[in-house]
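What follows is the residue order along each chain.
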Amino acid sequence: PFLVQIGGLGADAVWAWFSGTDAIRFIKAYDEYGLRGKLPLLGSQTLVDDIILPNMGDLARDIINVGQYSVTLDTPENRAFVKDFEARYNAWPNIYSEGGYASGLLIGAAIEALKGELGDRAKFREALRTVAPKIRAPRGPIQFDRYQQVITSIYIMKVERQGNRLVNVILDTIPNTSQEESWKWWNK
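As the structure is a computational prediction, the values presented were derived from the model and not from experiment.

Turning next to the nonpolar core. Inside soluble globular proteins, nonpolar side chains tend to come together where they are buried. Judged by nonpolar contacts, the single largest core of 22 residues is most densely connected at F26, Y30, L41, L47, V48, M56 and I63. Put simply, the parts of the chain that give this core at least two residues each are α1 (2-6), β1 (14-16), α2 (20-32) and α3 (53-56). Ignoring sequence-local partners within four residues, the contact set of M56 consists of A23, I24, I27, L47 and V48. Membership of the second largest hydrophobic core comes to nine residues, among which are L106, L114, A132 and I135.

This brings us to the packing of aromatic side chains. Applying the stated criterion across every chain, the model contains six aromatic pairs. Taken together, a centroid distance of 5.9 Å and an interplanar angle of 55 degrees make the contact between F81 and F85 tilted. Taken together, the residues F81 and F85, both in helix α4 (residues 76-89) and four residues apart, mark about one turn of the helix. For F81, a relative accessible area of 7% puts it in the buried group. Ring centres 4.7 Å apart and planes at 35 degrees place the aromatic pair F81 and Y101 in the tilted group. Taken together, the residues F81 in helix α4 and Y101 in helix α5 (residues 95-113) connect sequence positions 20 residues apart. Judged by its relative accessible area of 40%, Y101 is partly exposed. An aromatic cluster of at least three residues, connected via ring pairs, comprises Y69, F81, F85, Y89 and Y101.

As a further point, take a nonpolar patch on the surface. On the surface, a cluster of nonpolar side chains totalling about 360 Å² of accessible area is made up of W15, W17 and V66. Counting through the fold element by element, W17 comes out in the loop between β1 and α2. Residue class for W17 comes out exposed when judged on its relative accessible area of 55%.

On to the confidence of the model for the protein chain. Summing up the model confidence of the protein chain, the mean pLDDT is 92 and the portion of residues at 70 or higher is 98%. Model confidence for the protein chain, summarised as mean pLDDT per element, is weakest for helix α7 (residues 179-183) at 75 and strongest for α4 at 97.

Using the criterion set out here, one finds eight salt bridges in the structure. In this structure, K158 and D62 form a salt bridge, with 3.7 Å as the shortest nitrogen-oxygen distance. Here K158, found in strand β5 (residues 150-162), pairs with D62, found in the loop between α3 and β3 (64-67); they are 96 residues apart in sequence, far enough to count as distant. Judged by relative accessible area, which is 44%, D62 ranks as partly exposed.

This paragraph deals with α2. Between its first and last C-alpha, α2 extends 19 Å over 13 residues, near the 18 Å set by a 1.5 Å rise per residue. Among all positions in α2, only A23, I24, F26, I27, A29 and Y30 are buried. With its phi angle positive at about 75 degrees, G34 sits one or two positions after the end of α2.

What counts as what
- Residues numbered from 1 in each chain as written.
- Predicted model: local features only at pLDDT ≥ 70, side-chain atom pairs only at ≥ 80, totals over all residues.
- Heavy atoms only, no water.
- Core = buried A, V, L, I, M, F, W, Y, C linked by side-chain atoms within 4.5 Å.
- Buried < 20%, exposed > 50% of the residue type's maximum accessible area, 1.4 Å probe, protein only.
- Helix = DSSP H or I, 4+ residues; strand = E, 2+ residues; numbered from the N terminus.
- Contact = heavy atoms within 4.5 Å.
- Phe/Tyr/Trp six-rings, centres within 6.5 Å; stacked < 30°, edge-to-face > 60°.
- Patch = residues over 30% accessible without salt bridge, like charges linked within 9 Å, V, L, I, M, F, W, Y side chains within 5 Å.
- Areas by Shrake-Rupley, 256 points an atom, 1.4 Å probe, with all protein chains shown as cover.
- Salt bridge = Lys/Arg side-chain N within 4 Å of Asp/Glu carboxyl O.
- pLDDT = per-residue confidence, 0-100.
- Expected span 1.5 Å × (residues − 1).

Pasting the structure below:
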């Protein structure tokens, strides 16, 4: 019922946050109700996650989204990550596989820094904070704020067709994005 109402609201665009099959259903319904092409669709990266783009087909083209990773990120670390991931799994990585990989790098570096001595949780947490800026994650640099929230680049992306694949192409980067600085709700 909400899609029927959107066209008459006088909005400039629509923001959506869905993931998985709900995202696929929403994108298809957005088109079926005649909104695609009339109102730009914006969303979180999960709306057009790389792994579900093939199920959306060209209906996903031109959707603007924001997130912390794109397979198209042009860095040596990401190119190597994509190449290795594709060779091993015959698929491209997505936000979740990059997150798991970056977490593994971070945990491994913290364990190495502590020489395997993991009995003290506070020391382990501090080791994570200390090694974070030193790891080379595919998404780019990461660090933690005082509340253990990740500070990382956020990418503004647009779904485009490159060859036979739909991909999230980076349009712009917001470096060192911090929840604390963005929302300031911790300071209340």
